[in-house]
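Remarks on the overall topology
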Amino acid sequence: MIAAQAKLVYQLNKYYTERCQARKAAIAKTIREVCKVVSDVLKEVEVQEPRFISSLSEIDARYEGLEVISPSEFEVVLYLNQMGVFNFVDDGSLPGCAVLKLSDGRKRSMSLWVEFITASGYLSARKIRSRFQTLVAQAVDKCSYRDVVKMIADTSEVKLRIRERYVVQITPAFKCTGIWPRSAAQWPMPHIPWPGPNRVAEVKAEGFNLLSKECYSLTGKQSSAESDAWVLQFGEAENRLLMGGCRNKCLSVLKTLRDRHLELPGQPLNNYHMKTLLLYECEKHPRETDWDEACLGDRLNGILLQLISCLQCRRCPHYFLPNLDLFQGKPHSALESAAKQTWRLAREILTNPKSLDKL
């Protein structure tokens, strides 16, 4: 048994060195190319409207605020200034979302975003996005990369297509530190020893983001509060939880397997599903020794089997917001074919580790 385990870990490390590192290098090159264009567009936006200041910056060869959705799809989060005159309201009525409401007695005119506040006192995510979209469209026509970049029409999101190869979504956002959403209050589960009180305190201090984007849990609902709602995002908190042991290596292998074998019609699976299941695996295996390099094979198998189970049940709860289903709106047939394909992958890796040479 130990010999088989060691063989699998050996093959996974080889896979990581050959496939995952190559994927990382290719994506890093793409990111540099994409960020040049996006920075240029955002510089033009800032000239027209100083409230939208680009927060895209390179730190230690990593771009802050850039999320890789797939090797050809990226999201850039543009942090906006000043949120102080608003109360953050998440009463659970909009899963995965919250609203920003003017504090009682505060005058609209005290806000930097006065013209985006609705009659009922909400700061409208949709109105800010709509204004931002207009500015980006104008900037695309003026910027020095106008020959290689164009706006993607027929969406309320701000999406650019670059060199006909890459799609970048630019999302206005507020950073919320020092508070924690009520809808995530059940985390951490009291009976689970991971991640421990110190790490929990760090994660909660890190806070979360509020993004102005379409929320899939609201698709088809049209009340005004819903179209004004902001989407909760916990990227920094999640990254902090995945520090240490072979967690990030495991995530890298999962993303590479997804890109190569689970990019399916109907797009049932993205990298975020992999990250979410990895976080649940951390809870199931709370000891640091469970994340030694020697356990990489066991952890990967656990996550793939959990993924198959989620796909078959057609439900994948968000890690911090369990009422939010990350498979919502995905075609059932796509989830079914992803379950079959994941099962084939898992069986192949488990029964014949050498198959990783070909995967």
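Residues numbered from 1 in each chain as written. Predicted model: local features only at pLDDT ≥ 70, side-chain atom pairs only at ≥ 80, totals over all residues. Heavy atoms only, no water.

Spanning 18 residues, helix α8 (residues 296-313) covers 26 Å between terminal C-alpha atoms, matching the ideal 26 Å at 1.5 Å per step. Inspection of α8 places Leu-296, Gly-297, Arg-299, Leu-300, Asn-301, Ile-303, Leu-304, Leu-307, Ile-308, Cys-310 and Leu-311 among the buried residues, and these make up the whole buried set. Residue Arg-314 follows α8 closely and has a positive phi angle near 60 degrees. (Helix = DSSP H or I, 4+ residues; strand = E, 2+ residues; numbered from the N terminus. Expected span 1.5 Å × (residues − 1). Buried < 20%, exposed > 50% of the residue type's maximum accessible area, 1.4 Å probe, protein only.)

Let's shift gears to the side chain of Gln-11. Among the structural elements, Gln-11 can be located in helix α1 (residues 2-48). Classification of Gln-11 as buried rests on a relative accessible area of 4%. Residue contacts for Gln-11: discarding those within four places in its chain leaves Pro-353, Lys-354, Leu-356 and Asp-357. (Contact = heavy atoms within 4.5 Å.)

With that out of the way, let us pick up helix α7 (residues 271-284). Given a rise of 1.5 Å per residue, 14 residues ought to cover 20 Å, and the 20 Å separating the end C-alpha atoms of α7 matches this to within 8%. Of all 14 residues making up α7, eleven are buried, and the element is well covered by its neighbours. Looking at α7, one finds that the buried residues are Asn-271, His-273, Met-274, Lys-275, Thr-276, Leu-277, Leu-278, Leu-279, Glu-281, Cys-282 and Glu-283.

Under the counting rule described, the total for this entry stands at 23 salt bridges. The salt bridge involving Lys-14 is made with Asp-357; its shortest N-O contact spans 3.1 Å. Highlighted residues: Lys-14 in helix α1 and Asp-357 in the segment after α9 (332-351), separated in sequence by 343 residues. Put simply, Lys-284 and Glu-281 hold a salt bridge, and the shortest N to O gap is 3.9 Å. Here Glu-281 and Lys-284 lie together in helix α7, a separation of three residues that amounts to about one turn. Given the relative accessible area of 3%, Glu-281 is considered buried. Several salt bridges share partner residues, and in doing so they unite Arg-23, Arg-258, Asp-259 and Glu-263 into one network. (Salt bridge = Lys/Arg side-chain N within 4 Å of Asp/Glu carboxyl O.)

Here the focus is the nonpolar core. Side chains of a nonpolar character, in soluble globular proteins, are inclined to be buried together. One finds Leu-123, Ile-170, Leu-210 and Phe-320 to be the most contacted residues of the largest nonpolar core, which totals 101 residues. In terms of residue count, the dominant contributor to this core is α1 (14 residues). Residues within four places of Ile-170 in sequence aside, it is in contact with Val-38, Leu-42, Val-76, Leu-78, Phe-132, Val-158 and Leu-160. Counting eleven residues, the second-largest nonpolar core is a separate cluster that includes Cys-97, Leu-211, Ala-229 and Val-231. (Core = buried A, V, L, I, M, F, W, Y, C linked by side-chain atoms within 4.5 Å.)

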